[in-house]
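Next come the chains, spelled out residue by residue.
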Amino acid sequence: MTRLVLTRPDDFHLHLRDGAMLTGIAPETARDFARAIIMPNLVPPVVTGAQAAAYRERIAAALPGADFTPLMTLYLTEDTDPADVVAAHRAGIVTAVKLYPAGATTNSASGVRDFDRVRPVFEAMAEAGVPLCVHGEVTTPEVDIFDREAVFIDTVLDPIRRTHPGLRVIMEHVTTADAVDYVKSADAGLGATITTHHLIINRNSILVGGMKPHYYCLPVAKREIHRVALLEAAISGDARFFLGTDSAPHSDDKKECDCCAAGCFTATNTMPVLAEVFERAGALDRLDAFCGHFGADFYGLARNPGTLVLERRDTPTAFPAKIETGAGPVTVFNPGFPVHWRVVA
Ligand code: NCD
Ligand code: ZN
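Below: a short report on this structure. (Residues numbered from 1 in each chain as written. Chains lettered and ligands numbered in written order. Predicted model: local features only at pLDDT ≥ 70, side-chain atom pairs only at ≥ 80, totals over all residues. Heavy atoms only, no water.)

1. Considering unusual backbone geometry
Okay, step 1: Cis peptide bonds are those with omega within 30 degrees of zero, and the linkage from Val43 to Pro44 qualifies with -5°.
Okay, step 2: Assignment of secondary structure puts Pro44 in the loop between strand E3 (35–38) and helix H2 (49–62).
Okay, step 3: At the junction of Leu218 and Pro219, the peptide bond is cis and its omega measures out at -10° in the coordinates.
Okay, step 4: Following the sequence through the fold, Pro219 ends up in the loop between helix H7 (203–207) and helix H8 (224–235).
Okay, step 5: Unusually for a residue other than glycine, Arg17 sits at a positive phi of about 60°.
Okay, step 6: Checked against the element boundaries, Arg17 lands in the loop between strand E2 (10–14) and helix H1 (19–30).
Okay, step 7: A relative accessible area of 13% places Arg17 in the buried class.
Okay, step 8: Phi is positive for His173, which is not a glycine, with a value near 35°.
Okay, step 9: For His173, the position within the fold is in the loop between strand E7 (169–171) and helix H6 (177–185).
Okay, step 10: The buried category is assigned to His173, whose relative accessible area is 2%. (Helix = DSSP H or I, 4+ residues; strand = E, 2+ residues; numbered from the N terminus. Buried < 20%, exposed > 50% of the residue type's maximum accessible area, 1.4 Å probe, protein only.)

2. With respect to the site of ligand 1
Okay, step 1: Around ligand 1, the surrounding shell holds 15 residues, and the nearest of these are Arg17, Asn41, Thr105, Leu218 and Asp246.
Okay, step 2: Between ligand 1 and Asn41 there is a distance of 2.8 Å, counted from an oxygen atom to a side-chain nitrogen or oxygen.
Okay, step 3: Here Thr106 contributes a side-chain N or O atom positioned 3.1 Å from an oxygen atom of ligand 1.
Okay, step 4: In the complex, the protein chains occlude 100% of the 320 Å² of accessible area that ligand 1 would expose alone.
Okay, step 5: When its residues are assigned to classes, the shell around ligand 1 shows four nonpolar, nine polar and two charged. (Near = heavy atom within 4 Å. Polar contact = N/O pair within 3.5 Å; in protein donor to acceptor, adjacent residues only side chain to side chain. Areas by Shrake-Rupley, 256 points an atom, 1.4 Å probe, with all protein chains shown as cover. Nonpolar A, V, L, I, M, F, W, Y, C, P; charged D, E, K, R; others polar.)

3. Quick look at the pairing of E3
Okay, step 1: Alternating residues of E3 divide into Arg35 and Ile37 and Ala36 and Ile38, and every residue in both groups is buried.
Okay, step 2: Sheet topology note: the E2/E3 ladder contains three bridges and is parallel. For Asp10, the partnering residue across the bridge sits in E3 and is Arg35.
Okay, step 3: With four bridges joining them, E3 and strand E4 (residues 69–75) adopt parallel strand pairing. Residue pairing in the sheet places Ile38 in a bridge with Met72 of E4. (Pairing = 2+ DSSP bridges.)

Structural data, given as structure tokens:
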């Protein structure tokens, strides 16, 4: 039996939803994580500081007594008021702003179509030090879904970063070697989150031997060479890469149907699964920094004072297959290999 004492981790990309789903799944994250960057893609989206403050209250109400801090984000639209963003950031309500290209993913219809229209917001954010979280995929119908991240870097992200060199940017849930290389090539002000599931699955996992809806998420998992590039980045000790699970619950009826919603739900078992992944890669000593140091440092937050203790046993850990919520059951991510780690304190 081996013991691992980690800094209490943070999740720099999380979907907590609202209503009965929020109530059902929020404890799955708050159990292990001290803080999380909360995605604003509700219906309707969280677009103003006042809406973020109200959503933060609903999250707190879903987690009575929990030692958990939600770090709120605003959903960027072409109508976003730069002054509202800056005021909400100064007031400590909002940590970052999220850019969804319109139509890129779940609940992104209100996202940005014309990037020139949000320039004043980017200018104000750069000036006030508000980071931008980016869903990095183009939505151009002609572009193949497996190429959408790489094309986004060249045609959208790099031009934005050149126009606004002072803007701090987090490329969310990177899925390609192209994105890893781009982040490494930047001199400053660019970080990236990596999810638990993209360190484990490739596109074969989704499609070979029958279609696996619970492995379908956006950006979609790519070829094995890309998964390996992500793993190398995660275990490299390069502080620009840190954990953002993108745990994105959908009830089973939305996943197991003829138009499956995008999202993998990893909140329940992320830390034990990551311990197994890092151990298999011979990099257990790098797990703490990836989950507990680099993201906080990038966002300019103090690292968490508390700890999370994991233990390794010879018998694999049993995780629930589903979390029952008032909005229906949610299937927990199955890594497809035995996990010997468990959280004990
Ligand atoms: C997310 C969701 O369900 O809200 N889905 C996903 O596949 N990751 C949206 C997102 O982050 O793209
Ligand atoms: Zn997401």
